[in-house]
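Coordinate inspection notes
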Amino acid sequence: MSSIFWVLLFIAGALILAYQRVSLRLATFAYAAALLTYTWFGAGSLAWNFALWLVLAALVLLNLDAFRIRFISRPFLRTYRRMLPSMSQTEKDALEAGTVWWDGELFTGGPDWEKLMSAAVPKLSPEEQAFLDGPCEELCRMTDDWDITHRRADLPPQLWDYIKAKGFFAMIIPKKYGGLEFSAYAHSCVLVKLSSRSGVVASTVAVPNSLGPAELLLHYGTEEQRAYYLPRLARGEEVPCFALTGPRAGSDAASIPDTGVVCKGMYEGREIIGIKLNFSKRYITLAPVATVLGLAFKLYDPDLLLGDGRTEFGITCALIPRNTPGVTIGRRHFPLNNPFQNGPIQGKDVFVPIDVLIGGVKMAGQGWRMLVEQLSVGRCISLPSSATGASKAAVFASGAYARIRKQFNTSVGNFEGVAEVLARMAGHTYIMDAARSVTAGAIDGGEKPSVPAAMLKYHLTELARSVGNDAMDVHGGKGICLGPKNYLGRGYEMVPVAITVEGANMLTRSLIIFGQGAIRCHPFVLREMNAAKEKDKRKGVREFDSALFGHLGFTISNAVRSFVMALTLARFSRVPESGATQRYFQHINRFSASFAFATDVAMLSLGGYLKKKESLSARLGDVLSCMYLASMVLKHYDNEGNQAEDLPLVEWAYRAQEQLHSFLRNFPNRFLAGFMRVCIFPRGQTYHAPSDPLGQKIVDAILRTSMTRDRATHGIYRTVEAGNALGLLHEALVLADTAEPLEKRVRVEGVKTGRITALDMPGQIQQALAVGILSETEAAVLRDYDRRVMDLIHVDDFTTEELAAGVASPPEVRVARVSNA
Ligand SMILES: Cc1cc2nc3c(=O)[nH]c(=O)nc-3n(C[C@H](O)[C@H](O)[C@H](O)COP(=O)(O)OP(=O)(O)OC[C@H]3O[C@@H](n4cnc5c(N)ncnc54)[C@H](O)[C@@H]3O)c2cc1C
């Protein structure tokens with residue numbers, strides 16, 4: 001047999017073994033068997049045979065634990081300890097928060113699809129559905145966003161009362177405390193609906209149900225604290241806020257300079273051990289109307305009054321009644337024309353009893369851990385759901401508007417330039433809906449997915465920014481001129497708020513998604529790090545050895561899997577589906593292997609420096625997010641019963657390739673970048689941006705009534721009633737099916753032939769009736785349609801006095817506040 005044959009045989013064997021991830025022992029046996037056969041039948045030279053037997057000897061030695069540990073793992077462990085990036089306690093707390101879910105599978109290079117596809121379909125209970133159809137629908141009906149955002153700069157009293165009375169602030173509070181105890185999915189659906197109506201109402205409802213007093217009390221409060229506060233919060237007798245951010249500590253929230261010093265003092269006429277608080281917070285949502293303040297500060301006990309032996313405890317959380325002497329509260333910030341209640345709070349020498357600490361003294365110093373743990377859930381729901389609701393409303397409205405708005409004698413949605421934008425809006429919104437609903441379902445299944453929380457927060461708010469911009473473009477001047485008739489402007493202005501709160505987006509993308517994911521989700525990295533820190537040295541080195549060699553095999557396997565799947569376009573990789581979505585599952589398998597391989601090369605070559613290379617980390621985070629979002633789309637499509645008409649939307653989810661390309665283009669070690677490129681893109685770029693025909697299929701579905709339009713925008717407030725533009729736009733869209741053929745007849749038989757000379761539609765209808773182009777009934781239909789359309793297309797106008805705010809800040813107050821900050 002020729003040498004080429006043997007070379008190919010050895011290469012193919014090695015690739016198969018690596019692809020299948022066989023153990024080192026099995027690989028050694030397989031190699032030994034192949035070598036024996038080759039030595040017997042092959043015609044290699046003595047030197048060549050000797051070299052091959054040396055390789056076998058090396059493999060055998062690698063199988064010997066004592067040899068491996070002494071000559072490889074132990075020396076490497078010493079270097080590894082030096083390479084480990086330094087980590088503060090707050091970073092460690094953040095890393096350990098929450099659970100690893102589907103994000104962990106994507107790090108394996110071969111995700112177990114069964115884990116995702118077998119997850120229960122998120123569903124509303126009859127009670128939750130009744131709440132959405134009842135109080136939630138009613139709250140939307142009662143809401144006049146222009147009145148709230150322009151005239152009143154607040155919710156009217158009846159809305160506050162209704163929100164409190166119906167338990168909107170109590171969705172996460174258990175029934176035994178008088179709350180609604182909704183599932184994460186139901187909570188998300190409520191926010192989707194409210195945000196399709198008013199960003200201010202949605203934010204007002206979102207905050208008490210997100211990270212804040214109720215959530216913290218539920219998980220860490222003492223029984224007395226829960227028994228006192230939770231029923232009061234559930235009934236709306238207490239309005240909560242949570243204050244972490246201050247003028248000096250924004251993104252770097254753990255650096256807050258606010259202090260609480262344990263000391264003795266007089267409280268309600270007697271001397272007690274309490275805490276003297278000094279703090280300055282800003283941007284605090286609901287603070288101006290809050291009755292109870294959740295507060296984060298650093299706790300000190302200089303006189304060791306707590307008997308713990310520590311003088312510094314670190315970040316600690318407490319609940320302070322609003323009217324505590326020394327607290328200054330009530331002024332408001334003005335978040336981009338969406339004046340939900342938000343403002344600063346200051347405290348000067350505020351003395352409070354020690355039992356204000358959430359969870360009591362035993363939780364002193366645990367504040368940061370408490371916050372990051374609970375953020376894993378809240379961040380998956382509040383902003384992702386609000387962003388999705390607003391985007392669904394924008395798609396619903398833009399589809400209808402682009403149909404009823406005619407320019408150049410046709411619906412503007414029929415122009416390719418507009419269609420491209422509409423398709424992008426619908427594609428993005430489908431991804432958002434899939435991600436928020438499937439992830440909420442996972443939370444209801446017991447997960448607290450911390451890395452997906454960061455991905456959802458970042459990507460869904462960024463996608464909402466894109467959808468918001470696109471909706472503005474589709475609407476032209478109609479979107480720009482504010483007033484009661486404008487249903488887009490306030491949502492557009494709300495986007496930067498969503499981008500900034502709960503961890504500003506640039507920071508989330510650059511530091512959190514991959515930074516946390518790489519350590520938390522990677523099958524070996526955390527094991528290696530823990531082994532390196534193990535106090536029992538023998539145990540540590542054994543554990544390190546097992547993790548290190550597992551890791552090496554994993555990296556080699558992922559390089560091979562990436563290469564093979566890139567060559568074959570993953571056609572042979574195993575996936576759960578054989579139907580229309582089969583290829584999409586396979587593409588994710590391929591990118592999972594490429595991503596896992598690139599991650600390992602980056603971590604191995606850059607070590608702790610990768611933390612500083614934020615752009616590389618951000619791009620790897622983008623790849624992870626693309627795969628995550630695409631997986632959510634596949635599961636969502638399955639959850640919705642695999643509706644073939646929605647397939648064009650599914651196709652929109654694949655963009656991981658671009659991010660991997662930019663990662664390779666910017667990787668500092670060019671040799672490694674070239675090597676990775678061979679393994680990841682041996683055939684170059686094989687995916688392309690969505691095509692125009694694909695986009696057209698999506699647009700066809702949203703420019704008219706269709707099941708796809710209904711499914712993609714499900715859950716928004718679309719009731720047909722005066723004052724709800726969404727309902728009225730859809731009504732006009734339905735009427736367009738009848739009116740458009742009549743309009744066309746008027747144009748073709750009347751205007752083009754010169755029988756009709758009027759320039760506007762009412763005049764043309766009149767003439768068409770006179771010359772017999774339209775019957776009385778048809779003319780009435782067209783007149784009615786035209787009236788409705790013009791009503792929707794109109795924008796508001798004002799006198800200068802109506803627009804002027806009227807009250808200016810006195811300059812001296814402004815100066816004083818700047819110097820305080
Ligand atoms: C309307 C509103 C409501 C809010 N509600 C609350 C509330 O109820 N309670 C509360 O405690 N806080 C609240 N916040 C505060 C919010 O969480 C902070 O605004 C946010 O954490 C960012 O802080 P900052 O605005 O000071 O931005 P900065 O920290 O000054 O950051 C400025 C920019 O730099 C970026 N950046 C910072 N560090 C990095 C990095 N390492 N890498 C890349 N980019 C980086 C940020 O992403 C941001 O884009 C609210 C804020 C607003 C505007």
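A closer look at the overall build of the protein
Looking only at helices and strands, one finds 34 helices and 9 strands in the protein. By residue count, 53% of the 821 residues in the protein fall in the buried class. Within the protein, residue pairs in contact and separated by at least 24 positions form 75% of the contacts whose partners lie at least 6 positions apart. Of the roughly 36000 Å² of accessible surface on the protein, a fraction of 58% belongs to carbon and sulfur atoms. Within the protein, the 80 negative side-chain charges are centred at a point lying 7 Å from the centre of the 89 positive side-chain charges.

Quick look at the pairing of strand 2 (residues 259-267)
Sheet topology places strand 2 next to strand 3 (residues 270-285); 9 bridges connect them, and they run antiparallel. Among the inter-strand pairings, K264 is bridged to a residue of strand 3, identified as I273. If you look at the hairpin formed by strand 2 and strand 3, you'll find 2 residues sitting between the two strands, and E268 has a positive phi there, around 50 degrees. In this structure, strand 2 lies alongside strand 4 (residues 292-300), joined through 3 bridges in parallel fashion. Its bridge partner being in strand 4, G260 is matched across the sheet by L299.

What to know about the site of the ligand
Surveying the vicinity of the ligand reveals 21 residues, the closest of which are F242, L244, T245, S251 and Y283. Here S251 contributes a side-chain N or O atom positioned 2.6 Å from an oxygen atom of the ligand. Here a nitrogen atom of the ligand and a side-chain polar atom of T285 are 3.0 Å apart. Isolated, the ligand exposes 970 Å² of accessible area, and the fraction of that covered by the protein chains is 70%. Mapped onto the shell around the ligand, the elements with two or more residues apiece are strand 1 (240-243), strand 3, helix 19 (489-500) and helix 20 (505-520). Sorting elements by how many residues they give to the shell around the ligand places helix 20 first, with 4 residues.

A few points about the side chain of R590
For R590, the location among the structural elements is in helix 23 (residues 582-606). Exposure remark for R590: the relative accessible area of 1% places this residue in the buried category. When sequence neighbours within four positions are dropped, the list of residues in contact with R590 reads M565, A566, L569, A570, I680, F681, T686 and Y687.

Some points on helix 12 (residues 199-209)
When you tally the buried positions in helix 12, you get 9 out of 11 residues, the bulk of the element. All of the buried residues along helix 12 are V200, V201, A202, S203, T204, V205, A206, P208 and N209. Sitting at the head of helix 12, S198 places a side-chain oxygen 3.3 Å from the backbone nitrogen of V200.

As for the confidence of the model for the protein
The pLDDT averaged across the protein works out to 92; a share of 98% of its residues lies at or above 70. Confidence over residues 812-821 falls short of pLDDT 50; this stretch has 5 contacts with residues more than four positions distant or in other chains.

Re the pattern of salt bridges
The full count for this structure, using the stated rule, is 36 salt bridges. D433 serves as the salt-bridge partner of K392, at 2.9 Å between the closest nitrogen and oxygen. Taken together, the positions of K392 in helix 15 (residues 367-404) and D433 in helix 16 (residues 416-444) put the pair 41 residues apart, joining distant regions of the chain. D433 shares its class with K392; the two are buried. In this structure, R711 and D646 form a salt bridge, with 2.6 Å as the shortest nitrogen-oxygen distance.

With respect to unusual backbone geometry
Glycine aside, residues mostly have negative phi, and peptide bonds are mostly found in the trans state. Backbone geometry places N337, a non-glycine residue, at a positive phi of 60 degrees. With respect to the secondary-structure elements, N337 resides in the loop between strand 6 (327-329) and strand 7 (342-353). The exposure class of N337 is partly exposed, given its relative accessible area of 27%.

Describing the packing of helix 13 (residues 213-220) against helix 15
Direction vectors running N to C along helix 13 and helix 15 enclose 110 degrees, while the axes themselves pass 10 Å from each other. In terms of orientation, helix 13 and helix 15 fall into the roughly perpendicular class. Here helix 13 contributes E215, L216, H219 and Y220 to the contact with helix 15, which in turn contributes R369, M370, L371, E373, Q374 and V377. Grouping the amino acids of the contact of helix 13 with helix 15 by side-chain chemistry returns 5 nonpolar, 2 polar and 3 charged.

Structural notes on the nonpolar core
Membership of the largest hydrophobic core comes to 102 residues, with the highest contact counts inside it found for L624, Y628, M632, F663, F667 and M676. In terms of residue count, helix 16 provides more of this core than any other element does, 13 residues in total. Discounting chain neighbours no more than four positions away, the residues touching M632 are W101, W102, L116, A434, A435, V438 and T439. Counting residues in hydrophobic clusters, the runner-up holds 66 residues, among them I320, L357, I443 and M494.

Thoughts on the packing of aromatic side chains
Across all of its chains, the model carries 23 aromatic pairs by this definition. Ring centres 6.5 Å apart and planes at 40 degrees place the aromatic pair Y162 and F168 in the tilted group. For Y162, a relative accessible area of 16% puts it in the buried group. Through a chain of ring-to-ring contacts, three or more aromatic side chains come together here, namely F5, W6, F10, Y31 and Y38. The positively charged end of R590 is found above the aromatic ring belonging to F591, 5.2 Å away from the centroid.

Observations concerning the packing of helix 16 against helix 17 (residues 450-475)
In the contact formed by helix 16 and helix 17, the axes pass within 9 Å of each other and the chain directions differ by 150 degrees. Judged by the angle between their axes, helix 16 and helix 17 are roughly antiparallel. When you trace helix 16 past helix 17, the crossing you get is left-handed. Along its contact with helix 16, which presents V418, V421, L422, R424, M425, H428, T429, I431, M432, A435, R436 and T439, the element helix 17 presents L456, L460, L463, A464, S466, V467, D470, A471 and V474. Residue composition of the contact of helix 16 with helix 17, by class: 14 nonpolar, 4 polar and 3 charged.

Examining the pairing of strand 4
Burial runs high along strand 4: 7 of the 9 residues are buried. By the bridge criterion, 4 bridges tie strand 1 to strand 4 in an arrangement that is parallel. Along strand 4, the bridge assignment pairs C241 with L293.

Quick look at the state of the cysteines
Evaluation of the coordinates by the stated rule reveals 0 disulfides. Of all cysteine sulfurs, the one in C136 lies closest to C189, which takes part in no disulfide; the gap is 9.3 Å. The exposure class of C189 is buried, given its relative accessible area of 9%.

Looking at helix 1 (residues 3-19)
For helix 1, with 17 residues, the first-to-last C-alpha span of 24 Å sits near the 24 Å given by 1.5 Å per residue. Turning to helix 1, its buried residues are W6, A18 and Y19. Close packing links the buried residues of helix 1 with helix 2 (24-41) and helix 22 (537-568).

Details of the environment of L194
Mapped onto the secondary structure, L194 falls in helix 11 (residues 184-195). On the basis of relative accessible area, L194 is assigned to the buried category, the value being 1%. Counting along the chain gives 58 residues from L194 to C136, while the straight-line C-alpha distance between them is 7.3 Å. Apart from the residues lying within four places of it in its own chain, the contact partners of L194 are C136, L139, C140, F168, V201, A202 and V205.

Examining the environment of L371
You can see L371 is positioned in helix 15. Taking relative accessible area as the criterion, L371 reaches 4% and is therefore assigned buried. Separated by 155 residues in the primary sequence, L371 and L216 have C-alpha atoms spaced 7.9 Å apart.

Describing a positive patch on the surface
Taken together, the side chains of R70, R74, R78, R81, R82, K537, R538 and R542 define a basic patch exposed on the protein surface. Those elements that provide at least two residues to the positive patch are helix 4 (65-83) and helix 22. A total of 5 residues in the positive patch trace back to one element, the largest contributor, which is helix 4. Within the secondary structure, R82 sits in helix 4.

Criteria and thresholds
- Starting from 1, residues in each chain are numbered consecutively following that chain's sequence as written.
- Per-residue local features are limited, in this predicted model, to residues with pLDDT of at least 70; the limit for side-chain atom pairs, both in listing and counting, is 80 or more; totals at the level of whole chains, interfaces and linings are taken over all residues.
- The side-chain numbers reported here are obtained from all heavy atoms of the structure, hydrogens and water having been left aside.
- Only DSSP runs of H or I reaching four residues or more are called helices, and only runs of E reaching two or more are called strands; each is numbered from the N terminus.
- The classification of residues rests on relative accessible area computed with a 1.4 Å probe and restricted to protein chains. Under 20% of the type maximum is buried, over 50% is exposed, and intermediate values are partly exposed.
- Contacts were defined at the residue level, with two residues in contact if any of their heavy atoms lie within 4.5 Å.
- Every accessible area reported is derived by Shrake-Rupley at a probe size of 1.4 Å, with residue values counting cover from the shown protein chains alone.
- Counted as positive: Lys and Arg. Counted as negative: Asp and Glu, with His and the chain ends omitted from the count.
- We put the charge of a Lys on NZ, of an Arg on CZ, of an Asp on CG and of a Glu on CD.
- For two strands to count as paired, DSSP must find a minimum of two bridges between them.
- Whether a residue is near a molecule or strand is decided by its heavy atoms; if any one of them lies within 4 Å of it, the residue is near.
- Polar contact is the term for a pair of N or O atoms within 3.5 Å; when the atoms are in protein, one must be able to donate a hydrogen and the other to accept it, and sequence-neighboring residues count only if both atoms are side-chain atoms.
- A score from 0 to 100, pLDDT tells how confident the predictor is in each residue.
- In the sections that follow, a salt bridge refers to a side-chain nitrogen of Lys or Arg positioned within 4 Å of a carboxyl oxygen of Asp or Glu.
- Axis definition: a line fitted to C-alpha atoms, limited for helices to the stretch in contact. Angles are taken between N-to-C directions and run from 0 to 180 degrees.
- Just so you know how the angles are binned, under 35 degrees is roughly parallel, over 145 roughly antiparallel, 65 to 115 roughly perpendicular, and the rest oblique.
- We call Asp, Glu, Lys and Arg charged. Ala, Val, Leu, Ile, Met, Phe, Trp, Tyr, Cys and Pro are nonpolar, and the rest, Gly among them, are polar.
- Nonpolar core, defined: a set of buried Ala, Val, Leu, Ile, Met, Phe, Trp, Tyr and Cys residues in which side-chain atoms within 4.5 Å join the residues together.
- Any pair of Phe, Tyr and Trp rings, taking the six-membered ring for Trp, is counted once the centres come within 6.5 Å. Such a pair is stacked with planes under 30 degrees apart, edge-to-face with planes over 60 apart, and tilted for the rest.
- Put simply, a charge is over a ring when the Lys NZ or the Arg CZ is close to the ring centre, within 6 Å, and near the line of the ring normal, within 35 degrees.
- The crossing is said to be left-handed when, going from far helix to near helix, the turn is anticlockwise and less than a right angle, and right-handed when the turn is clockwise.
- For the purposes of this analysis, a disulfide is any pair of cysteine sulfur atoms at a distance within 2.5 Å.
- To estimate how far a helix should reach, multiply one less than its number of residues by 1.5 Å.
- Grouping into patches uses exposed residues only, defined as over 30% relative accessible area, and leaves out salt-bridged ones; the cut-off is 9 Å for like charges and 5 Å for nonpolar side chains (Val, Leu, Ile, Met, Phe, Trp, Tyr).

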